[in-house]
Amino acid sequence: METEKKTPVLPGKWLAAGMAALLFSCTLALFGPAQIFLPNSLEFHFDFSHLLPRLAFIAFCLFLPLTALLGLLPRRLRAHERGVALVLALGILLWLQGNILLWQYGALSGQGIDWGARRLYGFVDSPIWIAGLLLAFWRPGFFHRRTRGIAASLLLIQLISAAITVIRQPEEPSFKKLQVDHTQDFAYSGRRNVIVLILDSFQSDIFQEIIDRDPAYRDLFRGFTYFRNTTGGFPSTYASVPLILTGQFYSNAEQIQSYNSRAYRSASSVPFQRRRRGWQVNLAPAVQSTILFDPQVLSNLEPRKQQVEASRLAWMYDLTLFRYLPHFAKRAVHNGGDWFLSRWMPGDALDNLLSKDDPERGSHASARQLRRTRRAHTRIGRETRRLGLLQLRKTKA
């Protein structure tokens, strides 16, 4: 007697859909941005505890509809199996690209990328992506049966990695708790003032040539002393500014934030010693992390509101997509420096991010107006502009 063939029942249809969707959404929307933030936490003015709920919410908003879509796919023509297998394969490929197939593209600071010179990257990772997706389409049963094990393993690996990075985070820097009150930028004493201008990365001999050729600067800086032999001691701003202001050298024997705390409270610290003697010390750093935000060091401080702006989230997800997508897709994300998501952000948000300027800097209307006034009334002479263009031509040559 012939037995009737029955369609095999797929075990845990909704569980498989949920696990595949969870791997995809958490890798792309939760662990990916976390992996961007945690090793670079000093570049952001908020801490991970304020970022995590937002990442989790976005991951959940991606996970829920994707699970529903996969769970509702019919078993006819193996649509459900193929859907789960493809999403699982995408999750695996995202993890593989973002953690194993890491290519070097240089500093993502708004400069162009020579895509032609890096074409080989695409010839390596593109076949892996194509093969993985084709295998998931033609052998969906192989992936579907292993969905729970593969998804759980990769999620656990990412969770452990993120947890270790969180544990190893440096102490919370002072600029995440306090911020500079820029309404005091031009508050001077009526009797005695000391103004110190640090021109970071300004080549000393070029500045000397400018003031020699343009006599107007002698009148502009009347009463100032130009210390032409000042050296920062480091190639980066981060350690150079504390060295100039405190005389304390960073030997790389401690975390940079611990060095900042010690250096700015030392006996040779200019702002600290001025504060001890009752002076009002107002600092206006272009790079917030180079200063110890402590009332013992500077006067113009106010509490910082821990806020994760939409522009920061968009920038973080742009970097995540750039890291986790294959080479030939990265170009669309980079978009010639006009990033895929950040380009939809208002005004100069992207410029602020790329210049590492604090988005809350000048949040007061008066400070914004002061900056506009300074931009509108720049006092750069014709000779200085000509010299600047000459130096630019020499650099390009």
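Residues numbered from 1 in each chain as written. Predicted model: local features only at pLDDT ≥ 70, side-chain atom pairs only at ≥ 80, totals over all residues. Heavy atoms only, no water.

Enquirer: For this particular structure, what's the right way to read the overall build of the protein chain?
Expert: Secondary structure summary: the protein chain contains 16 helices and two strands in total. When burial is assessed residue by residue, the protein chain has 41% of its 397 residues classed as buried. A separation threshold of at least 6 residues defines the contact pool for the protein chain, and within that pool the share at least 24 residues apart is 72%. As presented, the protein chain carries roughly 23,400 Å² of accessible surface, and 60% of it is formed by carbon and sulfur atoms. (Helix = DSSP H or I, 4+ residues; strand = E, 2+ residues; numbered from the N terminus. Buried < 20%, exposed > 50% of the residue type's maximum accessible area, 1.4 Å probe, protein only. Contact = heavy atoms within 4.5 Å. Areas by Shrake-Rupley, 256 points an atom, 1.4 Å probe, with all protein chains shown as cover.)

Enquirer: Is there a simple way to explain unusual backbone geometry in this structure?
Expert: Most peptide bonds are trans, and most residues other than glycine sit at a negative phi. Look at Asn252: it is not a glycine, yet its phi comes out positive at around 65°. Inspection of the secondary structure puts Asn252 in the loop between helix H9 (237-246) and helix H10 (256-264). Since its relative accessible area comes to 61%, Asn252 is described here as exposed. Here Asn335, not a glycine, exhibits a phi torsion of approximately 55°, which is positive.

Enquirer: Teacher, can you tell me more about the side chain of Gln273 here?
Expert: Relative to the assigned elements, Gln273 resides in helix H11 (residues 270-276). Exposure remark for Gln273: the relative accessible area of 12% places this residue in the buried category. A polar atom in the side chain of Gln273 sits 3.3 Å from the backbone oxygen of Ala267. Those residues within four positions of Gln273 in sequence are excluded, and the remaining contacts are Ser266 and Ala267. (Polar contact = N/O pair within 3.5 Å; in protein donor to acceptor, adjacent residues only side chain to side chain.)

Enquirer: Can you help me understand a nonpolar patch on the surface in this one?
Expert: Together, Phe186, Tyr188, Ile195, Leu197, Leu199, Phe202 and Phe224 give the surface a local cluster of nonpolar side chains, amounting to about 680 Å² of exposed area. Secondary-structure assignment places Leu197 in the loop between strand E1 (178-180) and helix H7 (204-213). (Patch = residues over 30% accessible without salt bridge, like charges linked within 9 Å, V, L, I, M, F, W, Y side chains within 5 Å. Salt bridge = Lys/Arg side-chain N within 4 Å of Asp/Glu carboxyl O.)

Enquirer: Would you mind going over a positive patch on the surface with me for this structure?
Expert: Together, Arg192, Arg274, Arg276 and Arg277 make up a positively charged patch on the protein surface. Structurally, Arg274 can be placed in helix H11. Residue classification places Arg274 among the partly exposed residues on the basis of a relative accessible area of 31%. (Lys, Arg positive; Asp, Glu negative; His and termini not counted. Charge placed at Lys NZ, Arg CZ, Asp CG, Glu CD.)

Enquirer: How do you make sense of the packing of H9 against H10 when you look at a structure like this?
Expert: Relative orientation and spacing of two packed helices are given, respectively, by the angle between their axes and the distance between those axes. Where H9 meets H10, the closest approach of the two axes is 10 Å, and the angle between their N-to-C directions is 15°. On the basis of the axis angle, H9 is roughly parallel to H10. Handedness of the H9/H10 crossing: left-handed. Along its contact with H9, which presents Tyr238, Ala239, Val241, Pro242, Leu243, Leu245 and Thr246, the element H10 presents Ile256, Gln257, Tyr259, Asn260, Ala263 and Tyr264. In terms of residue class, the contact of H9 with H10 is built from ten nonpolar, three polar and no charged. (Axes fitted to C-alpha atoms, helices over the stretch in contact; angles between N-to-C directions. Parallel < 35°, antiparallel > 145°, perpendicular 65-115°, else oblique. Left-handed = near helix turned anticlockwise from the far one by under 90°. Nonpolar A, V, L, I, M, F, W, Y, C, P; charged D, E, K, R; others polar.)

Enquirer: Would you mind going over the packing of aromatic side chains with me for this structure?
Expert: Counting across every chain of the model gives 20 aromatic pairs. Taking the centre distance of 5.1 Å and the plane angle of 70° together, the rings of Tyr105 and Phe322 count as edge-to-face. Of the two residues, Tyr105 sits in the loop between helix H3 (79-99) and helix H4 (119-138) while Phe322 sits in helix H12 (residues 310-324), which places them 217 residues apart along the sequence. Exposure class is identical for Tyr105 and Phe322. Each is buried. Members of the aromatic cluster, connected to one another through ring pairs, are Trp103, Tyr105, Trp115, Tyr121, Trp315, Phe322 and Trp339. Residue placement shows Arg82 over the ring face of Phe137; its charged tip is 4.6 Å from the ring centre. In this structure, Arg274 packs its charged tip against the face of Trp279, placed 5.6 Å from the ring centre. (Phe/Tyr/Trp six-rings, centres within 6.5 Å; stacked < 30°, edge-to-face > 60°. Lys NZ or Arg CZ within 6 Å of the ring centre and 35° of its normal.)

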